[in-house]
Amino acid sequence: MKTLWILAALSIAPAAARADRAERMEKRGERMEKQGERREKRGEKLEEKAEKKKEKADELRSEGHDKAANALDRKANREDRRGERMEKQGERREKRGERLEKRGQRLENRKANANAATPATPADPGVTSATPANPGK
């Protein structure tokens, strides 16, 4: 008897775990969207820093410090590429987050529709599956 209760509990547990899957998916999508936005902003800031370094390199070059200017230019180019990559990653992450969020909402709606479509009692208790479609013939 005790083993039956354990088996029943184990068979119900996965269904309970799936019950809030849509909600978790939706929240994960929201989180990814926010992360994407933050990543985009960070990429833009990196590109701005790179622009300032290029200006500084031009100043150094005008003062005659070519080697330092070249080093700063290389650093600025690296930072610029990194910023662009980060911005693109942010855009992709944001789009993926939107898709996940929509998917979670669809799952919730599907679950709600399935629960509403299956009535607890049949509409006409007098009709059974054994009743022929045309009883007069």
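Residues numbered from 1 in each chain as written. Predicted model: local features only at pLDDT ≥ 70, side-chain atom pairs only at ≥ 80, totals over all residues. Heavy atoms only, no water.

Chemist: Please explain the overall build of the protein chain as it appears in this structure.
Modeler: Secondary structure assignment for the protein chain yields three helices and zero strands. Split into buried and exposed, the 137 residues of the protein chain put 21% on the buried side. Considering only residue pairs separated by 6 or more positions, the protein chain has 80% of its internal contacts joining residues 24 or more positions apart. Total accessible area on the protein chain stands at roughly 11100 Å², and carbon and sulfur atoms take up 51% of it. (Helix = DSSP H or I, 4+ residues; strand = E, 2+ residues; numbered from the N terminus. Buried < 20%, exposed > 50% of the residue type's maximum accessible area, 1.4 Å probe, protein only. Contact = heavy atoms within 4.5 Å. Areas by Shrake-Rupley, 256 points an atom, 1.4 Å probe, with all protein chains shown as cover.)

Chemist: Explain a negative patch on the surface here, please?
Modeler: The grouping of E51, E55, E59 and E63 at the surface amounts to a negative patch. With respect to the helices and strands, E55 occurs in helix α2 (residues 21–62). (Patch = residues over 30% accessible without salt bridge, like charges linked within 9 Å, V, L, I, M, F, W, Y side chains within 5 Å. Salt bridge = Lys/Arg side-chain N within 4 Å of Asp/Glu carboxyl O. Lys, Arg positive; Asp, Glu negative; His and termini not counted. Charge placed at Lys NZ, Arg CZ, Asp CG, Glu CD.)

Chemist: Can you walk me through α2 in this structure?
Modeler: Along an α-helix, a turn takes 3.6 residues, which lines up residues three or four apart on a common side. The terminal C-alpha atoms of α2, which comprises 42 residues, lie 61 Å apart, in line with the 62 Å expected from a rise of 1.5 Å per residue. Looking one or two places after α2, you find G64, whose phi comes out positive at around 100°. (Expected span 1.5 Å × (residues − 1).)

Chemist: How do you make sense of the side chain of E87 when you look at a structure like this?
Modeler: For E87, the location among the structural elements is in helix α3 (residues 66–117). Of the side chains bearing the opposite charge, K88 lies closest to the buried E87, which forms no salt bridge; the N-O distance is 9.1 Å. When near neighbours in sequence (up to four residues on either side) are disregarded, E87 contacts R39, E40, G43, E44 and E47.

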